[in-house]
Every structure is written in C-alpha cells, then in structure tokens.
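Working through the structure, step by step
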Amino acid sequence: MGNDDIIDFREDLPTASNYLRMAVPLMVQRRIPPTPYNYALWYAHVQNAHPELSRKLLAAFPDEDSYDPRKSEALFLEYFVKHYLPQSTQAQELIATLVAQLAQAVSRNLQGVHNYGASLRGAIEVFEQDVDPHQIRAMVGKLLTETRDLEELNQVFASKLKAASDQVEQLKRELAESERRARIDPLTKIPNRRGFDEAIAQALTADNETTCLLLLDIDYFKKLNDTYGHPMGDRVLQIVGGVLGKLQSDRIFIARYGGEEFAVIVNDELEAAHALAEQIRCQIAALQIKRKSTHDTIGTITVSIGLTRFRPGESAETFIERADTGLYLAKQEGRNRVIIA
Ligand SMILES: Nc1nc2c(ncn2[C@@H]2O[C@H](COP(=O)(O)OP(=O)(O)OP(=O)(O)O)[C@@H](O)[C@H]2O)c(=O)[nH]1
C-alpha cells in the first residue's frame, strides 16, 4: 500500500466494495456507528493499509462495549488528517531538500579530502626520492593551493550546515506555532474544544483529587444575536472570552467549549472553584457593552454556570456530564446563577 505513512483509497469499484463488505461486519460486531470517520478507519484496517493503525484500532475497540467517539476521532486525526496538513507537507519537502543539499555538500567535502590525501601521498613519495629543489618547490606550491581549496570547501560546508540548522530551527518554530494555532479558537483567542479535551485528560491523570469543572453558558444569547446582529454576538463572545482569558493560570485552564459555551478547569477545592464561578458571574453581569455604531449600552449580559468536583475513578465524560447537569439546572432555575451538581 505504498509507503508506510500514507493511506490512500484508489481501488476500483469491485475491490472497494469487497473491502467495505469486510469492514461493515467488523463495525457491526463492535457496535461502531457508521460515521465517515469510522468507515475510513475500518476500511483502512481491512485494506491492511497501515499495520500500526490496525493494531491501535483493534486495541481501542476490542468488543461491543468499547466504542468511544473520541478514540475514533483521535485515530482519524493521527492517521488521516495529520498526513494531509499542508504545513506538514511543506515541512517534509523542506527537510528532503535540506538533506539532499547536505548530502551533496558532504560528498563534495569528502572528495576534496580524498584528493588532498592523494596529493599528500604523492608528495611523500616524491620527497622519499632524491629530487631536485625545483621539483620540491613545485610540489610545495601544489600542496599550498590544494590546502587553500580544501579550506574553501570546508567553509562552504560549514556555511551550508549553518544554513540548514537555521532552516530546521525556523521549521520547528513554524510547526510549534501551527500546533498552537490548532488549539486556539480564532474568534476569542482562547483555547478551543481540542485544547480543552487535552487539558482535561491531563488534569485528570495528573491530579484527580482536587479538579473542578465549570461549564458556563451565556444567557439568552440567541435573543442577543437576533436583536443586535451576529457581529455583535461575536463581540460579546470575544469580551466574555477576554474576561475568562485573564483568569488563566497554573491552576485555571479556560476554553471556548463550543458556540456560546465556555469551560473552566480549576485545580482546586470545590469551595475555591465556587468562589471563582461567582466572581466570573458577577464580573460578566457588571460589563457595560456598547454598540460601536451608536455607543448605546446593550442590556446586561448574564451567564449560567454548572460546577462540579471530580470524583476519583469516574471518566472525563461523566465528569463533564455532571457539570452540564449543573448548567441545565442553573438555566431551569432562572439563569444568572451557579449550581453545584
Ligand atoms: N454570534 C455568534 N453566535 C453564535 C456563535 N455560536 C453559536 N451562536 C449562537 O448562539 C445561540 C445559542 O442559542 P441557544 O442555545 O438557543 O440558547 P440561548 O439563546 O443562549 O438561551 P439559553 O441558553 O437557554 O439562555 C444560537 O443562536 C447560535 O446561533 C458564534 O460563534 N457567534
């Protein structure tokens, strides 16, 4: 199936149908929902496109109770999306060019050293014989010229190495930047759902004794959009994101969870997380947001917050669901409040 990293789907219809016939029963046995992600993964598995993917897929979904959409998504990202990121293609091309340039420079340098060695050997042979001084002078002159040539070659080689290492550094910076961008919400400039998923997984493995979660939703946001327009809605999201962004610290991770919903992971006791939730609620309710065109203040913005504390042993999903229940109750009980679930 070509090289190890790239999976492609270029079969003709009968072969493709055959693969699908093989993939579907495997998915049915494991009760895997027939989403495009899952089809792609199981199709690639029966295609035997990537043994490592097959191994991970079978380990992740061994039976009918093991399905977890996040695992599917992670595998899909790893084996399909990452390979096709333009950034990564550019990076691969650049690295290939650098390696080719360096190989060329190394081979030129080796040839230079080889020639120089041959000249030295020739000179020693000449000096071992009885030779006249003219011949010696000519030989020393030749050696001097070749020494200079070799020095030049070495300088070219060193500057090529330096250029290559500069380019690799630049590449590393660009890749780190694109990795960072993939975890940032472009509208609010705070971490996005992907950043949140990673942060919560990390928080729960690192210290699950004192992790709390706040899910926060702007009240009547649809009405705000309908009354003042979508761009004003976007601005409110940016302002709320800005208020939350300022709280980011070693103990507090904030993210735009989706739409008009935000999440705050607090590595602290429930009491401290509750105080923080109240602080956020009051700070947002006190905002004076003006319309840019008329400078009129739009009505108060409030948020409802669901708060919960992690219970050791439970999954991240259950933890999040409980915070969501708190949020639901906060909306039910009249909004603009914090409910601990
Ligand atoms: N402007 C803007 N609106 C968004 C964005 N993402 C989601 N929305 C809107 O957010 C609104 C969410 O509305 P609902 O889920 O009905 O809830 P709500 O109006 O906030 O009411 P409650 O949550 O019940 O208080 C929808 O109208 C979405 O279109 C966004 O990025 N920008």
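See the structure printed just above.
As the structure is a computational prediction, the values presented were derived from the model and not from experiment.

In the vicinity of the ligand, 16 residues are found, and the nearest of them are Phe-221, Lys-222, Asp-234, Arg-256 and Lys-331. One nitrogen or oxygen atom from the side chain of Arg-335 is found 2.8 Å from an oxygen atom belonging to the ligand. Here the ligand loses 67% of its free accessible area of 670 Å² to cover by the protein chains. At the level of elements, strand E1 (211–218), helix H8 (221–228) and helix H9 (230–245) are the ones that each hand at least two residues to the shell around the ligand. Residue classes in the shell around the ligand are distributed as four nonpolar, four polar and eight charged.

Moving on: the pairing of strand E2 (residues 252–258). The element E2 is extensively covered by neighbouring structure, given that six of its seven residues are classed as buried. Counting the residues that bridge the hairpin from E2 to strand E3 (residues 261–267) gives two residues, and of these Gly-259 lies at a positive phi of roughly 45 degrees.

This paragraph deals with helix H3 (residues 51–60). Considered for burial, the residues of H3 that qualify are Leu-53, Ser-54, Leu-57 and Ala-60. When H3 is viewed along its axis, its buried side chains cluster within an angular range of 135 degrees and face the same direction. Away from the buried face of H3 by more than 90 degrees, exposed residues Arg-55 and Ala-59 are located.

Reading the values: rules and limits
- Residues numbered from 1 in each chain as written.
- Predicted model: local features only at pLDDT ≥ 70, side-chain atom pairs only at ≥ 80, totals over all residues.
- Heavy atoms only, no water.
- Near = heavy atom within 4 Å.
- Polar contact = N/O pair within 3.5 Å; in protein donor to acceptor, adjacent residues only side chain to side chain.
- Areas by Shrake-Rupley, 256 points an atom, 1.4 Å probe, with all protein chains shown as cover.
- Helix = DSSP H or I, 4+ residues; strand = E, 2+ residues; numbered from the N terminus.
- Nonpolar A, V, L, I, M, F, W, Y, C, P; charged D, E, K, R; others polar.
- Buried < 20%, exposed > 50% of the residue type's maximum accessible area, 1.4 Å probe, protein only.
- Pairing = 2+ DSSP bridges.
- Arc of directions from axis to C-beta.

These figures capture arrangement, not role.
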